[in-house]
Amino acid sequence: GDSVTQMEGPVTLSEEACLTINCTYTATGYPSLFWYVQYPGEGLQLLLKATKADDKGSNKGFEATYRKETTSFHLEKGSVQVSDSAVYFCALRPNAGKSTFGDGTTLTVKP
Amino acid sequence: DTEVTQTPKHLVMGMTNKKSLKCEQHMGHRAMYWYKQKAKKPPELMFVYSYEKLSINESVPSRFSPECPNSSLLNLHLHALQPEDSALYLCASSQDAGASTDTQYFGPGTRLTVL
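Engineer: Please clarify how the overall build of chain A should be interpreted in this entry.
Structural biologist: Along the backbone of chain A there are zero helices and twelve strands. In sequence order, the secondary structure elements of chain A are arranged as β-β-β-β-β-β-β-β-β-β-β-β. At 13 Å, chain A has a C-alpha radius of gyration in line with the 13 Å of a compact globule built from 111 residues. Across its three principal directions, the C-alpha atoms of chain A cover 45 × 25 × 20 Å. Split into buried and exposed, the 111 residues of chain A put 43% on the buried side. When the accessible surface of chain A is summed, it comes to about 5,300 Å², and 48% of that surface belongs to carbon and sulfur atoms. Each charge class in chain A can be summarised by its mean position, and for the 10 positive and 12 negative side chains these summaries are 6 Å apart.

Next up, the structure:
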């Protein structure tokens, strides 16, 4: 079946540091890939998505590229802020199927 | 408007109570979802409604009963819950239940505590 593996957290960074959260997936066919962010006490918010190979999703300074050859969708940001502290979920969605989420990576950014 | 609203925000109930969670969206989406999320875990799918009909039930215990009165509303009726059912219950919607490119939009959740 489909699966998503995220790098284990928690991740702690200083403000303005570079961020990479690794995400790899296993799926048949051509799923779409998503990054969601969950701030404390809130629901999930879509951060970015990519629907086919080599697509790059971007939003709020975050980027991720759909790499079919390495089955990866790593999340990157060049300079993190304290307000980026949250839990980040990588997810895939196949055609006519339900979404599969990774376990989540907790990011804490210190001033 | 990409908002999914959920009420109540917090709910405390005893094991003999009957309560309901409500979810609403006005994006014209035809698929709606209930998820359960325990602390530090990803969301777990419970139910999917597509065009107001239940299309997926992930073997959820019968003490959880979903209802979709119309295309904008989704309810989750709760009865005789157990303490281990305490969790954040998330509602989501999407344009279509079957398309991989379709984005799910999540509500803020209801924090449920069962005493």
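From this point, the discussion proceeds with the structure in view.
Engineer: Would you explain the state of the cysteines in this entry?
Structural biologist: Residues and elements named next belong to chain B. Taken as a whole, this structure holds two disulfides over all chains when the rule is applied. There is a disulfide in this structure between cysteine 23 and cysteine 91, and the S-S distance comes to 1.9 Å. One disulfide, between cysteine 23 and cysteine 91, carries an S-S torsion of -70° and so falls in the left-handed class. In this pair, cysteine 23 sits in strand S3 (residues 18-25) while cysteine 91 sits in strand S9 (residues 87-94), placing the two residues 68 residues apart along the sequence.

Engineer: What exactly am I supposed to notice about the interface of chain B and chain A here?
Structural biologist: A common way to express how large an interface is: the accessible area buried when the components associate. Chain B puts 25 residues into the contact, and the matching count from chain A is 23 residues. When chain B packs against chain A, close to 1,700 Å² is buried across both sides, 47% of that on carbon and sulfur atoms. A salt bridge links arginine 93 of chain A to aspartate 102 of chain B; its shortest N-O distance comes to 4.0 Å. One can count nine residue pairs in polar contact (both at pLDDT 80 or more) joining chain B with chain A. Of all the secondary structure elements, the ones that give two or more residues to the side of chain B that touches chain A are strand S4 (31-37) and S9 of chain B. Its residues assigned to classes, the side of chain B that touches chain A shows eleven nonpolar, eight polar and six charged.

Engineer: Got a minute to help me understand empty space enclosed by the protein in this structure?
Structural biologist: It is the rolling of a water-molecule-sized probe over the atoms that shows where space remains empty. Residues and elements named next belong to chain B. A full pass over the atoms with the stated rule returns one cavity of 30 Å³ or more. Roughly 40 Å³ of volume is contained in the largest cavity. Around the largest cavity, the lining residues are His29, Arg30, Ala31, Met32, Tyr49, Tyr51, Glu52, Cys68 and Ser71. Classifying every residue of the lining of the largest cavity gives five nonpolar, two polar and two charged.

About the thresholds
Residues numbered from 1 in each chain as written. Chains lettered and ligands numbered in written order. Predicted model: local features only at pLDDT ≥ 70, side-chain atom pairs only at ≥ 80, totals over all residues. Heavy atoms only, no water. Helix = DSSP H or I, 4+ residues; strand = E, 2+ residues; numbered from the N terminus. Rg over C-alpha atoms; globule rule 2.2 N^0.38 Å. Buried < 20%, exposed > 50% of the residue type's maximum accessible area, 1.4 Å probe, protein only. Areas by Shrake-Rupley, 256 points an atom, 1.4 Å probe, with all protein chains shown as cover. Lys, Arg positive; Asp, Glu negative; His and termini not counted. Charge placed at Lys NZ, Arg CZ, Asp CG, Glu CD. Disulfide = S-S within 2.5 Å. Contact = heavy atoms within 4.5 Å. Buried area = accessible area lost by both parts, 1.4 Å probe. Salt bridge = Lys/Arg side-chain N within 4 Å of Asp/Glu carboxyl O. Polar contact = N/O pair within 3.5 Å; in protein donor to acceptor, adjacent residues only side chain to side chain. Nonpolar A, V, L, I, M, F, W, Y, C, P; charged D, E, K, R; others polar. 1 Å grid on protein atoms, 1.4 Å probe; cavity = no way out; pocket = protein on both sides within 12 Å on 5 of 7 lines; lining within 4 Å. Points joined across faces, edges and corners; volume = space filled by probe spheres on them.

In short, shape yes, function no, at least from these values alone.
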